[in-house]
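Spelled out, the chains give:
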Amino acid sequence: MTDAIRITATLHTDPGCPWGYSAVPALWVLRWRYADQLDWRLVLIGLAEDAQQYAARGFTPLLQARSAVSFRRYGMPFSPQPKSRVAATARACRAVAAARALEPGSEWRALRALQLAQFTTPLLLDDDEHIARVAGAATGLGSASIRALLDSHDVTAAYERDRAEARSAAGSPAELQGKTAVSDGSVRYTAPSVVFERDGVQLTAGGFQPVEAYDVLIANLDPSISRRPEPSDVSEILEAFPEGVTTREAAMLLARSNEQPDAAGAEMELLELVADGGAVRVPVGDDAIWALPEHAGWITGVLGEAMEPRAAARSAA
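Residues numbered from 1 in each chain as written. Predicted model: local features only at pLDDT ≥ 70, side-chain atom pairs only at ≥ 80, totals over all residues. Heavy atoms only, no water.

J.: I'm lost on the overall build of the chain in this one. Help?
T.: Scanning the chain from N- to C-terminus turns up 16 helices and 9 strands. Computed over the C-alpha atoms, the radius of gyration of the chain is 19 Å, within 12% of the 20 Å expected from 2.2 N^0.38 for a compact globule of 317 residues. Expressed as lengths along the three principal axes of its C-alpha atoms, the size of the chain is roughly 50 × 50 × 35 Å. Of the accessible surface of the chain, which amounts to about 13800 Å², a share of 50% is contributed by carbon and sulfur atoms. In the chain, 30 side chains carry a positive charge and 41 a negative one; their mean positions are 6 Å apart. (Helix = DSSP H or I, 4+ residues; strand = E, 2+ residues; numbered from the N terminus. Rg over C-alpha atoms; globule rule 2.2 N^0.38 Å. Areas by Shrake-Rupley, 256 points an atom, 1.4 Å probe, with all protein chains shown as cover. Lys, Arg positive; Asp, Glu negative; His and termini not counted. Charge placed at Lys NZ, Arg CZ, Asp CG, Glu CD.)

And the structure:
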C-alpha cells in the first residue's frame, strides 16, 4: 500500500454527541482500509457554550440517560446512569483543541477519551479540571498543560475557526439530505459529518452514515486508491489500534463487505485472546475495551481519571 496521501477527510464532530460517538466503528474501518492515504482533519462543532442552552430545550439528566439506552442499538459502550446535571460541550472541545495545539495529532486521543468518558462515566464536559485530567491522561501531555490553554488566545482562535467551519453547511449536500441543524443563526454540520476532498473536488457524507456511504465517496474520488482487506484476526486489530477497541469496533473491522458485523463472534475471539494472555479486557459501561497488555494502561488511566473526580482531585492536591 502506498503511503502517499490522496484524500483529505474532514470530520465534524463533538465529544458530547451520541451520534458522533456511535459512528466511531465505521470511521475506524476507514482508518484500517485506507491508512495514510486519508489525511484526517478534526473540526470541533461546539454544540453548546452553556448548559442553559440544553435546559431551555428541556434536556435533563434523566432524558440524557434514556437517550443513552436508545443508542445502545449502534453497539458502542454506554452507561445510562443519570449524571449530576446537564453539561455544555464547549469546554471539552477546547480541551481537544488544546491537545492539538500542544502536540498536533494528539487531539484524536483526547477526543476518544472524552467520548468514552462522556458516555460511560460521571464526567461533566464543562468541568475544566475533570476534562483536563482525562485529556491529559489520554495524550500524556498532563492536565496542567491542557487546563492552562483552555482560554488561551491560540486555542480560542482555533476553536472559533472550527465552530465557524462547522457552521458553513448552508447549501451543502448535507443540508439537502436533512443532515444539518441551525445553530447561532447558521446552518451547521451535524456530527459526524465527513467531507472528503481531492484536487478541489468535495464529496460530503452528512451526519450519521453507514460505512458503505463513506466507502462509495472515497471510491468515486479516487478509483485507484489502495484498499486493505479485512484483518485476519483480532490480534491484528489490537496491534493496529493501540488505544484499544470496543467489541463493536472489532466486529466492524472483521466484517467483510456486504456482511453484517458479528459482535458475538468478535467477542468470542477476543475472549480467547484474553484467556491466552494476549489481550486485556477493560470493562467500560455495558461493554469493554480490548487492548494488548502493553497498551491497556492507556484506557485504565483515562477511566481512572474519569470515574473518580473527587478522589483524583484530592490525590493530585
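J.: Where do I start with the pattern of salt bridges in this structure?
T.: Two side chains of opposite charge can pair, provided their charged atoms sit close to one another. Using the criterion set out here, one finds 21 salt bridges in the structure. Here Arg85 and Asp126 are joined by a salt bridge, their closest N and O atoms 3.1 Å apart. Of this pair, Arg85 sits in the loop between helix H4 (61-71) and helix H5 (90-102) while Asp126 is found in the loop between helix H6 (107-120) and helix H7 (128-139), placing the two residues 41 residues apart along the sequence. Asp184 is the partner of Arg163 in a salt bridge, and the nearest nitrogen-oxygen pair spans 2.7 Å. (Salt bridge = Lys/Arg side-chain N within 4 Å of Asp/Glu carboxyl O.)

J.: How should I be thinking about the pairing of strand S9 (residues 287-291) in this particular structure?
T.: The side chains of a regular strand alternate, residue by residue, between the two faces of the sheet. Here S9 lies mainly inside the structure; 5 of its 5 residues are buried. Burial of S9 is two-sided: the residues Asp287, Ile289 and Ala291 facing one way and the residues Ala288 and Trp290 facing the other way are all buried. Two elements, strand S7 (residues 245-246) and S9, share 2 bridges in a ladder whose sense is antiparallel. Bridge pairing in S9 links Val245 to Trp290. When strand S8 (residues 280-284) meets S9, the two strands line up antiparallel, connected through 5 bridges. What sits directly across from Val284, in S9, is Asp287. Where S8 folds back onto S9 in an antiparallel hairpin, the turn is made up of 2 residues, including Gly285, whose phi is positive at roughly 55 degrees. (Buried < 20%, exposed > 50% of the residue type's maximum accessible area, 1.4 Å probe, protein only. Pairing = 2+ DSSP bridges.)

J.: Explain the nonpolar core to me, please; I cannot follow it from the model alone.
T.: Among soluble globular proteins, nonpolar side chains are generally buried collectively. In terms of nonpolar packing, the biggest core is built from 82 residues, with Leu30, Leu114, Ile146 and Phe196 touching the most fellow members. Setting aside residues up to four positions removed in sequence, Phe196 forms contacts with Ile7, Thr8, Ala9, Leu30, Val201, Gln202, Leu203, Tyr214, Leu217, Ile218 and Leu221. The next biggest cluster of nonpolar side chains, apart from the first, holds 10 residues, and it includes Ile45, Val86, Ala88 and Ala191. (Core = buried A, V, L, I, M, F, W, Y, C linked by side-chain atoms within 4.5 Å. Contact = heavy atoms within 4.5 Å.)

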